[in-house]
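# Tertiary structure, described
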Amino acid sequence: MKSSIAKILDDALSRLPDLGDAAGDLAAESTIERTRDAAHGHFASNIAMRLAKPARRSPRDLAAAIIEQIAETDQLEKVEIAGPGFINFYLSPPAFHAELRTILDRGEDYGRHAPKAAPRILLEFVSANPTGPLHVGHGRHASYGATVGNLLETVGFPVHREYYVNDAGRQMDILGVSVWLRWLEARGTAVPFPAAGYRGDYIRDIAAAIDTDGIDAVDAATVLEGVPADAPDGDKEAHIGALITRANELLGEDGFDRVRQQSLDSIRDDIEDDLAEFGVTFDRWFSEQSLTKSHRIDDALAVLEERGMLYKKDGATWFRASDFGDEKDRVVVRENGAKTYFASDIAYHFDKRERGFDRLIDILGADHHGYVTRVKAGLEAMGYRADDLEVQLVQFVALYRGGRKVQMSTRSGEFDTLRQLRAEVGNDAARFFYVSRSNDQHLDFDLDVAKSQSNDNPVYYIQYAHARIASVFRQLDEKNYQWGGPDRSTDLGLLEEPQERALMTTLSRYPEVVDLAATNLAPQHLVHYLRDLANDFHTYYNAHVFIVDEDELRDARLTLCAATRQVIANGLAILGVSAPDSM
């Protein structure tokens, strides 16, 4: 409906050619907002105030001139000037009736834009290290990323979803040695488990399942030969590093790589299954190892070298990140010739752009704050725009059960997994609660509320509205009444009750809310809207009978109910939440 008001305003301005130069590139729609108080109309525009200075006229005089040029239409009840020069638009009942029919005519496509060819968006999210099962914090990344992808597709953008698998580097070695030590433990070799190892029970499960044909067990003394003391008496990182060296020596590089790769594959498969069960899928699982195998890191560094962005210092190769706003320059190749994680990061984003993606959106943990500037610097140094990359940081989740906070740690194994959470509260509650607050705010996830079947549980409250409407239509069949759908002959003018007007107004906001949520990558706007819509429906349900004897009134109310059901279903689908017909 906002776009309809914008067209009315644009048409009026076109009849005032003297305002053309003053308006410039000003889009009428950008000046229009929903009013907070229906007493001030349904929409208000500040266009007269924005044009006053360049047009050298008072805002109220301009507003009056614009209103004079608004053609008569059955969409508007009246238009008024308010305050210093706002133009307030009061929509007519037929405008809302037309919107009800649009909702039912478009069905699942209501609120959806026509597909666009560009910009092509690469959305990277979750990308958790494959060193253990996903925990509840990763679940927030998954739900937020999946919902953002759905929102962007709803407004027409082509979206490619990607998971970056950090399957190279030290954490993979630690995973491999952790599994190897548990494998030895199962065969009677009791080596004290390293403080820096991965301790969860899943490590034992992997150790029991991997193929170690040709790998022999050894005694504890052999394993610990030359290995320094572990914490607290020694350095835990030096200790785990020495154990990794011993694993390579005792198993051979091929043998240790086989243990490590099988461990990685087991965890990655578990993560993929977990996310798929959560309704979160990806177009590609991008392996960090592939950057080395395909020489993509070398390609990116060659571009930087050619552009004069690298230099040698202390035997290492450095990137001039400080030239692009970073706090310091960054090492890309260590003195021993090893590429750094940062080199992989800029190569990965170089690869994204080389694959033809225009807009790169990374969803990362809040602890990656310093990562943003340096990767943007890498893109800019390679000739791309820094603004091609947008990074959304997701704050931490605190899980509460029975009023007590649950501790989470991947290495210690003291965490609740996403799979456990889903089993306890269900996918719908998890998906909904994860996006109920802005991603840049900490989230306290209360399991007791998420499991409750009451109005205190917002997802239950919204789903119950959908189920109530389905129940109404079942009762219609039981009473042998018919509703033929959004028949053009249905007299929607009979929807005169305050609750009906409020519900129609809220329904008409849906496309604007979807646009707002997509533009700001902020699903919580849709969450709050659906809660408001459900509240308006429950209020209506409690105040009036829908299946009345009068055919025309019954048909009008059922049309309103059907439109409400459709919008709830559309909104919940974007959130990845089901819309049940019974509860």
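What comes next concerns the included structure.

Criteria and cut-off values
- Residues numbered from 1 in each chain as written.
- Predicted model: local features only at pLDDT ≥ 70, side-chain atom pairs only at ≥ 80, totals over all residues.
- Heavy atoms only, no water.
- Pairing = 2+ DSSP bridges.
- Helix = DSSP H or I, 4+ residues; strand = E, 2+ residues; numbered from the N terminus.
- Axes fitted to C-alpha atoms, helices over the stretch in contact; angles between N-to-C directions.
- Phe/Tyr/Trp six-rings, centres within 6.5 Å; stacked < 30°, edge-to-face > 60°.
- Buried < 20%, exposed > 50% of the residue type's maximum accessible area, 1.4 Å probe, protein only.
- Lys NZ or Arg CZ within 6 Å of the ring centre and 35° of its normal.
- Expected span 1.5 Å × (residues − 1).
- Contact = heavy atoms within 4.5 Å.
- Polar contact = N/O pair within 3.5 Å; in protein donor to acceptor, adjacent residues only side chain to side chain.
- Core = buried A, V, L, I, M, F, W, Y, C linked by side-chain atoms within 4.5 Å.
- Salt bridge = Lys/Arg side-chain N within 4 Å of Asp/Glu carboxyl O.
- Patch = residues over 30% accessible without salt bridge, like charges linked within 9 Å, V, L, I, M, F, W, Y side chains within 5 Å.
- Areas by Shrake-Rupley, 256 points an atom, 1.4 Å probe, with all protein chains shown as cover.
- Lys, Arg positive; Asp, Glu negative; His and termini not counted.
- Charge placed at Lys NZ, Arg CZ, Asp CG, Glu CD.

### A closer look at the sheet that holds strand β3 (residues 76-82)
Judged by pairing direction, the sheet is antiparallel, and its four strands sit side by side in the order β1-β2-β4-β3 without closing on themselves. Of all strands in the sheet, those with a lone pairing partner are β1 (32-34) and β3, marking the two edges. The sheet shows a mean angle of 25 degrees between the axes of neighbouring strands, direction not considered. Two elements, β3 and strand β4 (residues 86-91), share six bridges in a ladder whose sense is antiparallel. Counted as the bridge partner of Ala 82 is Phe 86 from β4.

### Digging into the packing of aromatic side chains
In this structure the tally under the stated criterion is 22 aromatic pairs. Here Tyr 540 and Phe 546 contribute two aromatic rings whose centre-to-centre distance is 4.7 Å and whose plane-to-plane angle is 45 degrees, an arrangement assigned as tilted. Neither residue differs from the other here; Tyr 540 and Phe 546 are each classed as buried. In this structure an aromatic cluster arises from ring pairing among Phe 278, Phe 432, Phe 433, Tyr 434 and Phe 445. Between the NZ or CZ atom of Lys 116 and the centre of the ring of Phe 157, over which it lies, the distance is 4.7 Å. The ring of Tyr 481 has Arg 554 sitting right over it, with the charged end atom 3.8 Å from the ring centre.

### What to know about helix α5 (residues 93-106)
The first and last C-alpha atoms of α5 sit 20 Å apart over 14 residues, in line with the 20 Å expected at 1.5 Å per residue. Among the residues of α5, Ala 95, Phe 96, His 97, Glu 99, Leu 100, Arg 101, Ile 103 and Leu 104 are the ones counted as buried. If you follow the buried residues of α5, they end up packed against β4, α19 (498-508) and α22 (551-575). In the segment just after α5, Gly 107 is the residue with positive phi, at about 55 degrees.

### Regarding the environment of Glu 249
Along the chain, the position of Glu 249 falls in helix α10 (residues 236-277). The partly exposed category is assigned to Glu 249, whose relative accessible area is 48%. Within the structure, the side chain of Glu 249 is placed 2.7 Å from the side chain of Arg 246, a separation counted as a polar contact.

### Some remarks on the side chain of His 141
Relative to the elements of secondary structure, His 141 occurs in helix α6 (residues 136-154). Residue His 141 is classed as buried on the basis of its relative accessible area, which comes to 11%. Residues within four places of His 141 in sequence aside, it is in contact with Phe 125, Val 126, Ile 363, Leu 364, Gly 365 and Val 394.

### Topic: unusual backbone geometry
That bond from Ala 118 to Pro 119 is cis: its omega, 0 degrees, falls within 30 degrees of zero. With respect to the helices, strands and loops of the structure, Pro 119 is situated in the loop between α5 and β5 (121-124). Following Ala 231, the chain continues to Pro 232 via a peptide bond in cis, the omega torsion being 5 degrees. By the element assignment, Pro 232 lies in the loop between α9 (220-223) and α10. A positive phi is found at Val 126, a non-glycine position, where the angle reads about 65 degrees. Topologically, Val 126 is positioned in the loop between β5 and α6. Positive phi, close to 55 degrees, is recorded for Asp 314, a residue that is not glycine. Inspection of the secondary structure puts Asp 314 in the loop between β8 (310-313) and β9 (316-319).

### Some details on helix α13 (residues 341-354)
Residues spaced three or four apart along an α-helix point in a common direction, a consequence of the helix completing one turn every 3.6 residues. Taking 1.5 Å of rise per residue, the 14 residues of α13 would be expected to cover 20 Å, and the 20 Å separating its terminal C-alpha atoms lies within 8% of that figure. Within α13, twelve of the 14 residues are buried, leaving the element largely enclosed by the surrounding structure. Phe 342, Ala 343, Ser 344, Asp 345, Ile 346, Ala 347, Tyr 348, His 349, Phe 350, Asp 351, Lys 352 and Arg 353 are the residues of α13 that are buried. Looking one or two residues beyond α13, the residue adopting positive phi is Gly 356, at roughly 95 degrees.

### Overview of the nonpolar core
Ranked by size, the top nonpolar core spans 149 residues in total, and within it Tyr 163, Leu 275, Leu 421, Tyr 434 and Phe 445 carry the most contacts. With twelve residues, the top contributor of residues to this core is α10. Once you skip the residues sitting within four places of it in the chain, Phe 445 turns out to touch Val 397, Ala 398, Leu 399, Tyr 400, Leu 421, Val 425, Ala 429, Ala 430, Phe 433, Tyr 434 and Ala 450. Membership of the second largest hydrophobic core comes to 34 residues, among which are Ile 297, Tyr 348, Tyr 371 and Val 372.

### So, the sheet that holds strand β6 (residues 159-165)
Pairing within the open sheet is parallel, and its five strands lie in the order β7-β6-β5-β11-β12. Looking at strand neighbours, the two that pair on one side only are β7 (284-287) and β12 (389-394), the edges of this open sheet. With strand direction ignored, the average angle separating the axes of adjacent strands in the sheet is 25 degrees. Most of the contacts of helix α14 (residues 369-381) go to β12, to which it runs at about 170 degrees, and overall it touches β11 (359-365) and β12.

### Notes on the pattern of salt bridges
A side chain with one charge may pair with a side chain of the opposite charge, provided their charged atoms come close. Inspection of the entire model under this criterion finds 35 salt bridges. The closest approach of N and O atoms between Glu 249 and Arg 246, which form a salt bridge, is 2.7 Å. Taken together, the positions of Glu 249 and Arg 246, both in helix α10 and three residues apart, correspond to about one turn of that helix. Among the residues examined, Arg 246 registers a relative accessible area of 11% and is labelled buried. Where salt bridges share partners, they join Glu 162, Arg 296, Asp 299, Asp 351 and Arg 355 into one cluster.

### Considering a negative patch on the surface
Taken together, the side chains of Asp 491, Glu 496, Glu 497 and Glu 552 make up a negatively charged region of the molecular surface. With respect to the helices and strands, the residue Asp 491 is situated in the loop between α18 (458-478) and α19. We classify Asp 491 as partly exposed; its relative accessible area is 34%.

### A look at the environment of Ala 117
Topologically, Ala 117 is positioned in the loop between α5 and β5. Assessed through its relative accessible area of 70%, Ala 117 is described here as exposed.

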